[in-house]
Amino acid sequence: LGVYLFSSPTYHRDGVRSWVEVGLLSKLVVVEEASILGTAQIPAGSSVVEAVTELLRGAGETRFSVTPSSKLMREDYVFDAGQSLLTTINDLLDSIGYWALAVDGEGQFLISPYQRPESRPVVWDFREDSLSVIMAGQVDERDDSSVPNQFIASTTGSDEVPPLVGVAQDLDPASPYSIQSRGRIIEARDTVEAVSQDDVNAVAAR
């Protein structure tokens, strides 16, 4: 199933010691609980993927499954005081259109490009049939009014480097959330890390 860390094991001693109950933690906790001490930065022009692997090595990890990338930092990345390595790594990976850091079943850290949903293979069909399990009296509730149909992602920029702005819109007439279906724009926005216009567009689309 995977490689995990023990959490709060309960021991039982009756001639032979055994574990009665063991909590399991993902290996992501290794980088979630680590941070860079003091002030540090990754300079503009650095390889983003190499910077991520160096941060992982600094946390004592050596097993990676990496999809290489030639993309470089567009501007300096400055670490916030006490910011976890996991937050830092995910910011960096997001900036080049990669998935957030994950761990596979063999305990390797995965560093790989994000795939849009329509590009992924179908692995399971959710449908009502003889294999379905539906609880009696089940109630489904969703807040449709909060689902945006336009998203704006932008970088902070600087005096030397102008900000990048990416815009994604739901223009699918078949979508109940699209601009056409609702007749108005419901917008969300966020400040992100991105190294190119294509990458900030991809962040907005995600």
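One structure accompanies this document, and this report is about it. (Residues numbered from 1 in each chain as written. Predicted model: local features only at pLDDT ≥ 70, side-chain atom pairs only at ≥ 80, totals over all residues. Heavy atoms only, no water.)

**Here's the deal with the sheet that holds strand β6 (residues 102–103)**
Then step 1. Pairing is mixed across the open sheet formed by 3 strands, whose spatial order is β4-β7-β6. Whereas interior strands pair on both sides, the edge strands pair on one side only; in this sheet they are β4 (64–66) and β6.
Then step 2. Bridge count between β6 and strand β7 (residues 109–111): 2 bridges; the pairing is antiparallel. Within the sheet, the bridge partner assigned to Ala102 lies in β7 and is Leu110.
Then step 3. Packing of helix α2 (residues 48–58) onto the sheet brings it into contact with β4 and β7, and relative to β4 it is tilted by some 175°. (Pairing = 2+ DSSP bridges. Helix = DSSP H or I, 4+ residues; strand = E, 2+ residues; numbered from the N terminus. Contact = heavy atoms within 4.5 Å. Axes fitted to C-alpha atoms, helices over the stretch in contact; angles between N-to-C directions.)

**Here's the deal with the pairing of strand β8 (residues 150–154)**
Then step 1. Examined bridge by bridge, β8 and strand β9 (residues 165–169) share 5 bridges and lie antiparallel to one another. When the bridges of β9 are listed, Phe151 appears paired with Ala168.
Then step 2. With 5 bridges joining them, β8 and strand β10 (residues 187–191) adopt parallel strand pairing. When the sheet's bridge partners are listed, Ala153 is paired in β10 with Asp190.

**Comments concerning the environment of Ser178**
Then step 1. When you line up the elements, Ser178 lands in the loop between β9 and α4 (179–182).
Then step 2. Spatially, the C-alpha atom of Ser178 lies 9.6 Å from that of Val147, the residues being 31 residues apart in sequence.
Then step 3. Leave out the neighbours within four places in its chain, and Ser178 touches Asn149, Asp170, Leu171, Asp172 and Pro173.
Then step 4. At 3.1 Å, the side chain of Ser178 forms a polar contact with the backbone oxygen of Ser175. (Polar contact = N/O pair within 3.5 Å; in protein donor to acceptor, adjacent residues only side chain to side chain.)

**Thoughts on helix α5 (residues 197–205)**
Then step 1. For α5, the full list of buried residues reads Asp199, Val200, Val203 and Ala204. Projected onto a plane normal to the axis of α5, the buried residues spread over an arc of 140° and lie on a single side.
Then step 2. As for α5, its buried residues are in contact with α3 (85–95), β8 and β9. (Buried < 20%, exposed > 50% of the residue type's maximum accessible area, 1.4 Å probe, protein only. Arc of directions from axis to C-beta.)

**Quick word on the pattern of salt bridges**
Then step 1. What the rule picks out here adds up to 7 salt bridges.
Then step 2. Glu187 is the salt-bridge partner of Arg189, the closest N and O atoms lying 2.5 Å from each other.
Then step 3. Exposure remark for Arg189: the relative accessible area of 57% places this residue in the exposed category.
Then step 4. We classify Glu187 as partly exposed; its relative accessible area is 37%. (Salt bridge = Lys/Arg side-chain N within 4 Å of Asp/Glu carboxyl O.)

**Overview of α2**
Side chains three or four residues apart in an α-helix point the same way, a direct result of the helix having 3.6 residues per turn.
Then step 1. Three or more residues of α2 are buried, namely Val48, Val49, Ala51, Val52, Thr53, Leu55 and Leu56.
Then step 2. Among the structural elements, α1 (28–32), β3 (41–42), β4, α3 and β7 are those in contact with the buried residues of α2.
Then step 3. One side-chain oxygen of the residue at the start of α2 lies 3.3 Å from the amide nitrogen of Glu50, identifying that residue as Ser47.
Then step 4. Looking one or two residues beyond α2, the residue adopting positive phi is Gly60, at roughly 90°.

**Remarks on the environment of Glu33**
Then step 1. Along the chain, Glu33 falls in the loop between α1 and β3.
Then step 2. Exposure remark for Glu33: the relative accessible area of 68% places this residue in the exposed category.
Then step 3. For Glu33 and Leu85, which are 52 residues apart along the polypeptide, the C-alpha to C-alpha distance reads 7.6 Å.

**Some words on the side chain of Ser95**
Then step 1. Structurally, Ser95 can be placed in helix α3.
Then step 2. Since its relative accessible area comes to 3%, Ser95 is described here as buried.
Then step 3. A distance of 2.5 Å separates a polar side-chain atom of Ser95 from the backbone oxygen of Leu92.
Then step 4. If we ignore the near neighbours within four places in the chain, the residues touching Ser95 are Val48, Glu193, Ala194, Val195 and Asp199.

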